[in-house]
Amino acid sequence: RLARTSNGAISFMESGKRRGFPDWKTFSTLSGPNSSNTQEIFSEQALTNIDDSFIGSFAYGPPMLLEGSVISSSSTAGVYVFIDDEKRLLSSASYPAWGGSIDYNLAASQLNQITTGVSAPILVKSTSDDAYIVNNAKKHLTPQSDFAKWGVAISDFEAVTDDLLD
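Everything numeric here is computed off the predicted structure, so don't read it as measured data.

**Focus: the environment of I83**
Move 1: Residue placement: I83 occurs in strand β7 (residues 79–83).
Move 2: Note: C-alpha distance between I83 and S69 (14 residues apart in sequence) is 7.9 Å.
Move 3: Among all residues touching I83, those that are not within four sequence positions of it are E67, R88, W98, P121 and L164.

**Looking at the sheet that holds strand β13 (residues 138–142)**
Move 1: The strand order across the open sheet formed by four strands is β13-β12-β11-β14, and the pairing between neighbours is mixed. Of all the strands in the sheet, just β13 and β14 (158–159) have a single pairing partner and so form its edges.
Move 2: Here strand β11 (residues 123–125) pairs with β14 via two bridges, running parallel. In the sheet register, K125 faces β14, and the bridge partner there is A159.

**Comments concerning the packing of aromatic side chains**
Move 1: Applying the stated criterion across every chain, the model contains three aromatic pairs.
Move 2: Look at F21 and F27: their rings are 5.1 Å apart centre to centre, the planes differ by 90°, and that puts the pair in the edge-to-face class. Across the pair, exposure class does not vary: F21 and F27 are buried alike.
Move 3: With centroids separated by 5.2 Å and ring planes inclined at 80°, the aromatic side chains of F54 and F58 adopt a geometry described as edge-to-face.

**A word on the side chain of T142**
Move 1: Within the secondary structure, T142 is located in strand β13.
Move 2: A polar contact of 3.1 Å, which involves the side chain of T142, links it to the backbone oxygen of H140.
Move 3: Dropping the residues within four chain positions of it, T142 is found in contact with A131, Y132, I133, F147 and W150.

Criteria and cut-off values
Residues numbered from 1 in each chain as written. Predicted model: local features only at pLDDT ≥ 70, side-chain atom pairs only at ≥ 80, totals over all residues. Heavy atoms only, no water. Helix = DSSP H or I, 4+ residues; strand = E, 2+ residues; numbered from the N terminus. Contact = heavy atoms within 4.5 Å. Pairing = 2+ DSSP bridges. Phe/Tyr/Trp six-rings, centres within 6.5 Å; stacked < 30°, edge-to-face > 60°. Buried < 20%, exposed > 50% of the residue type's maximum accessible area, 1.4 Å probe, protein only. Polar contact = N/O pair within 3.5 Å; in protein donor to acceptor, adjacent residues only side chain to side chain.

Note that every value here comes from positions in space, so none of it alone points to a role or purpose.
And the structure:
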């Protein structure tokens with residue numbers, strides 16, 4: 001299901017579409033073991049060289065991106081964070097919380113292939129309800145005993161995968 005063209009571009013073939021990796025770093029990161037080190041997500045050994053005209057017959061799907069990446073397009077408005085295969089709009093307040101820099105500058109056609117989700121969170125919680133404030137691309141564990149002082153509850157925090165918090 002991994003295809004490489006003559007120019008070295010790598011795509012993940014899924015549901016009749018080709019999902020390109022924007023760079024080698026993304027492919028190699030996704031080729032490593034998952035967060036629990038139990039399996040590889042992709043393997044370089046699984047790459048198959050595919051004829052350019054054959055792979056060109058497949059429509060493009062959304063690009064393969066790293067979870068938690070900040071994405072934009074120079075030809076469209078908006079900056080997003082990539083969470084759970086969705087792009088989530090970053091506000092001017094949340095953009096610095098997610099690092100304040102763009103990880104991927106995509107073509108508008110690539111950005112439009114990604115499903116739009118709800119706005120990006122600043123208050124996030126793990127699957128075990130550990131609560132964090134995301135600021136300057138760092139997570140800060142937040143004691144639930146402080147919630148009352150701030151006027152927030154655990155339900156105000158958006159649940160994200162533990163992989164995103166690593």
